[in-house]
Amino acid sequence: MPDFDLLVIGGGPGGYVAAIRAAQRGLRVGLVEKERPGGVCLNWGCIPTKAMLRSAEVLRTVRTAADFGVHTEGVRVDFAAVRARKDAIVKELTDGVSGLLKANGVTVVEGHARFTGPTTVEVSEAGPSPVFPGGPRYAADPAATVIRTISATDVLIATGSVPAQLPVPGADLPGVITSDGAFGLTAVPDRLVVIGGSAVGAEWAGLFAAFGSEVTVVEMQDRLVPAEDEEVGVALGRAFGKCGITVLTGSAVTAITAAGSALRVSSDGPQARELDADVVLTGVGRRPNTTGLGLDAAGVTTDARGFIPVDDQLRTNVEHVFAIGDVTGKALLAHVASHQGLTAADVIAGRDTRIDQTVIPAATFTHPEVAGVGLTESAARAAGHDIVTAKFPFSALGRARTFGETEGFVKIVAGARHNEVLGVHIIGPSASDLIAEGALAISLEATLDELAETIHAHPTLGEIGMEAALSGLGLPVHIAPARKR
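Residues numbered from 1 in each chain as written. Predicted model: local features only at pLDDT ≥ 70, side-chain atom pairs only at ≥ 80, totals over all residues. Heavy atoms only, no water.

(A) Examining the packing of helix α3 (residues 46–63) against helix α6 (residues 199–210) more closely. At their nearest, the axes of α3 and α6 sit 9 Å apart, and the two run at 40 degrees to each other. Considering their axes alone, α3 and α6 lie oblique with respect to each other. Along this stretch, α3 crosses α6, giving a crossing that reads as left-handed. The residues of α6 that touch α3, namely those facing Thr49, Lys50, Met52, Leu53, Ala56, Leu59, Arg60 and Arg63, are Glu203, Trp204, Gly206, Leu207 and Ala210. Within the contact of α3 with α6, the residues separate by chemical class into seven nonpolar, two polar and four charged. (Axes fitted to C-alpha atoms, helices over the stretch in contact; angles between N-to-C directions. Helix = DSSP H or I, 4+ residues; strand = E, 2+ residues; numbered from the N terminus. Parallel < 35°, antiparallel > 145°, perpendicular 65-115°, else oblique. Left-handed = near helix turned anticlockwise from the far one by under 90°. Contact = heavy atoms within 4.5 Å. Nonpolar A, V, L, I, M, F, W, Y, C, P; charged D, E, K, R; others polar.)

Okay, here's the thing in structure tokens:
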């Protein structure tokens, strides 16, 4: 008899959620994890960065307190205290996940799992962090002995992803770090160059700029957060410029060299520069975390990029082996991994369910925040849709005025014939929270008319979706109507 009905490899936001759901369905569940539970998201990604970004947000608020009639003196950043707060939050949440796994009867095995067959693994000690002492551990210790062998009826791979290495000379120099390495910094760098202006790079750029770093962002595409709607990316670039961040778009880094005690970053393109920095942070994507996993022994195939292909029930090419989360390459987002985990657990428990990934919201926690769901304007046109766009600025929203956060807008992309919502894109205060209404609207095939007719509480930031819908219908109330030609 196998040791478990289901063995989950990886305890991140996909793995631990799948393990809990499977246990709730009555399965005997084991989970192998080499670090604290919660994976990259909880330990080295979503949560710790948001904790530090909250400190940056408080700092901005205090610095502008006089605008609200509140006077402060002697404001300074205690970076050690910022890091300590982040660590405390992470510990509280990882301890919470451990408690949930125990409460649901999931057996947790600490170590690194390696397949020895399709449904058998051996577990050994994880190696030390290749990033910094106490940092993330991705691989097994080659010298470690096997702690335990485990068999299961079904196996779920949930090993996530790791930062991709920048393929340019000098990327391995001391002082060149990834997002993981940023957590090892014990002081705010005086000069920081961020390579990559997508979500990861943009968030770190905004955080360190708020703490006092001189920040330059180098992005290959023609705008920041290039996966988002074009107008949003352009607006974020303007916002960065206002807070002193230099943004070089259409530029690729060609080399990093040592320049005395500093680093020199060379870039090409229309804005080619030689940039000196104390720290260079690369945020150029992620790759699947499958090193040392022994996929060959299991017979699991990968695509050209190393990701594991799965179907809509999260099955791999091998019977009884499933995969979820970043390692599948579908959408490298924690909430997608969790949703996949719930679906996979239900399938393994015998339920005929499938995942629908057509509506996936995403958020970038910059200042101002960015969020989007559904089709961008250019994607909708490329797909052949005849569209209308509806926009409403935060500057015309009463609640945003009282907040003192008026930069940005909501943009809705809708079909021209039926006014069905195809995409919602936001840059502005609480965009990450407001995007939920957009996701629900697309999921329910809502129209601009239905958004406009839904009574929203006043005064709230949430009203902006209703106001944008009214604008798209040609019936704006709180902004001037478009001029007739």
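(B) Broad picture of the environment of Pro288. Of note, Pro288 is situated in strand β16 (residues 286–288). When the C-alpha atoms of Pro288 and Thr302 are compared, they prove to be 10.0 Å apart, with 14 residues separating the residues in sequence. Beyond its immediate stretch of four places on either side in the chain, Pro288 contacts Gly160, Ser161, Arg305, Gly306, Phe307 and Val327.

(C) Inspection of the sheet that holds strand β12 (residues 253–259) at higher detail. Ordered in space as β12-β13-β14, the three strands form an open sheet in which the pairing is antiparallel. Two strands close off the open sheet at either side, each with one partner strand: β12 and β14 (274–277). Sheet twist, expressed as the average angle between the axes of neighbouring strands with direction ignored, equals 25 degrees. Here strand β13 (residues 262–267) runs beside β14; their pairing, made up of four bridges, is antiparallel. Counterpart to Arg264 in the pairing with β14 is Asp276. (Pairing = 2+ DSSP bridges.)

(D) A look at the state of the cysteines. All told, the structure shown has one disulfide when counted by the stated rule. The disulfide bridge from Cys41 ends at Cys46, spanning 2.3 Å between sulfur atoms. Where Cys41 bonds to Cys46 through sulfur, the torsion about that S-S bond is close to -130 degrees, and the disulfide is left-handed. Cys46 gets classed as partly exposed once you look at its relative accessible area, which sits at 29%. (Disulfide = S-S within 2.5 Å. Buried < 20%, exposed > 50% of the residue type's maximum accessible area, 1.4 Å probe, protein only.)

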